[in-house]
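Secondary and tertiary structure notes
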Amino acid sequence: AQSVTQLDSHVSVSEGTPVLLRCNYSSSYSPSLFWYVQHPNKGLQLLLKYTSAATLVKGINGFEAEFKKSETSFHLTKPSAHMSDAAEYFCVVSEVPPSNTGKLIFGQGTTLQVKP
Amino acid sequence: DAGVTQSPTHLIKTRGQQVTLRCSPKSGHDTVSWYQQALGQGPQFIFQYYEEEERQRGNFPDRFSGHQFPNYSSELNVNALLLGDSALYLCASSSWGGSREQYFGPGTRLTVT
């Protein structure tokens, strides 16, 4: 069965400094992995996705993530944080065989705080 | 191009009552999934509908049921509401057999008193 662990429940950075949000996954199959962002009282927005193509994935708003199979990790990074990046971030794995429905399994989330 | 829409945005119900939440998928999508997000938690999968059939179900009791219509829109019904059903209910749409990403609506905030 697939699962996701977000290693930090809360990350605080200063504006203009790098962001690192850590995620480890467990999967018996080649996973599809995603990062979603949720701003307060909003729905979920897809930041980026990994689906077995390039291991370094670029997303929206300057975010990127690197798939490392040997470490079962999919960490999210951004070179320079902006105040508008403050939000809840979810690492997500898609359930692939046997169900094949693409059910999403979410981590517990990481709250990103950006200080001026 | 309209994204995923949900109605209503907020709802307050009393324990024991029944509620119906609605979702219209993104244009071109044929699959609808429902998730429950309790406060401070990640979303939990409730079930998924494709071709008007429930294709997979998460670990939720039979009080939670759904329906998909020929135009791909969907409803989530919850009977005999409990206080613990208070949550943000998210609808996501996707293409069956596609690239797995799901697009989410803004959610319906259900409060059970």
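You'll find the structure just up there.
These numbers were taken from a predicted model, which means no experiment stands behind them. (Residues numbered from 1 in each chain as written. Chains lettered and ligands numbered in written order. Predicted model: local features only at pLDDT ≥ 70, side-chain atom pairs only at ≥ 80, totals over all residues. Heavy atoms only, no water.)

For the rest of this paragraph, the subject is the sheet that holds strand β7 (residues 64–68) of chain B. Residues and elements named next belong to chain B. Spatial strand order, β1-β3-β8-β7: 4 strands in an open sheet with antiparallel pairing. Of all the strands in the sheet, the pair left with one neighbour each is β1 (5–7) and β7. Each strand axis lies, on average, 20° off the axis of its neighbour in the sheet, ignoring direction. Two strands pair when backbone bridges link them, and β1 and strand β3 (residues 19–24) are joined in this way by 3 bridges, in the antiparallel orientation. Bridged to Q6 within β3 is C23. (Pairing = 2+ DSSP bridges. Helix = DSSP H or I, 4+ residues; strand = E, 2+ residues; numbered from the N terminus. Axes fitted to C-alpha atoms, helices over the stretch in contact; angles between N-to-C directions.)

On to the pairing of strand β9 (residues 73–78) of chain A, then. Residues and elements named next belong to chain A. With 3 bridges joining them, strand β3 (residues 19–21) and β9 adopt antiparallel strand pairing. Considered in β9, the bridge of V19 is made with K78. Summarising the sheet, strand β8 (residues 64–68) and β9 pair through 5 bridges and their orientation is antiparallel. Note on β9: the bridge partner recorded for F67 is F74. Taken together, β8 and the strand that follows it, β9, pair antiparallel across an intervening segment of 4 residues, in which T72 is found at a positive phi of about 45°.

Of the volumes computed, that of the largest pocket is approximately 280 Å³. Along its surface, the largest pocket is lined by 18 residues, and A:Q38, A:N41, A:E88, B:Q37 and B:G40 are the ones closest to its centre. Among the elements that line the lining of the largest pocket, the one with the most residues is strand β10 (residues 87–94) of chain A, at 3 residues. Across the lining of the largest pocket, the residue classes tally to 8 nonpolar, 7 polar and 3 charged. (1 Å grid on protein atoms, 1.4 Å probe; cavity = no way out; pocket = protein on both sides within 12 Å on 5 of 7 lines; lining within 4 Å. Points joined across faces, edges and corners; volume = space filled by probe spheres on them. Nonpolar A, V, L, I, M, F, W, Y, C, P; charged D, E, K, R; others polar.)

We now examine the packing of aromatic side chains. Residues and elements named next belong to chain A. Tallied over the entire structure, the rule returns 15 aromatic pairs over all chains. Judged by centre distance (4.1 Å) and plane angle (15°), the rings of Y50 and F67 are stacked. In this pair, Y50 sits in strand β6 (residues 44–50) while F67 sits in strand β8, placing the two residues 17 residues apart along the sequence. A relative accessible area of 7% places Y50 in the buried class. Taking 5.6 Å as the distance between ring centres and 45° as the angle between the ring planes, the aromatic pair formed by F63 and Y89 counts as tilted. Of this pair, F63 sits in the loop between β7 (56–58) and β8 while Y89 sits in strand β10, and the two are 26 residues apart along the sequence. (Phe/Tyr/Trp six-rings, centres within 6.5 Å; stacked < 30°, edge-to-face > 60°. Buried < 20%, exposed > 50% of the residue type's maximum accessible area, 1.4 Å probe, protein only.)

What follows concerns the environment of A:Y36. Residue position: A:Y36 is located in strand β5 (residues 32–38). Setting aside chain neighbours within four positions, we find A:Y36 in contact with A:L44, A:Q45, A:L46, A:L47, A:E88, A:Y89, A:F90, A:V92, A:L104, B:E101, B:Q102 and B:F104. In this structure the side chain of A:Y36 is engaged in a polar contact, spanning 2.6 Å, whose partner is the backbone oxygen of B:Q102. (Contact = heavy atoms within 4.5 Å. Polar contact = N/O pair within 3.5 Å; in protein donor to acceptor, adjacent residues only side chain to side chain.)

Turning to the state of the cysteines, a few remarks are in order. One covalent bond between the sulfur atoms of two cysteine residues makes up a disulfide. Residues and elements named next belong to chain B. On inspection of all chains with the given rule, the structure shows 2 disulfides over all chains. The disulfide partner of C23 is C91, and the gap between their sulfur atoms is 1.7 Å. Negative torsions about the S-S bond denote left-handed disulfides, and the value of about -55° found for C23 with C91 makes this one left-handed. You can see C23 sitting in strand β3 and its partner C91 sitting in strand β9 (residues 87–94), a full 68 residues away along the chain. By relative accessible area, which is 2% here, C23 ends up buried. (Disulfide = S-S within 2.5 Å.)

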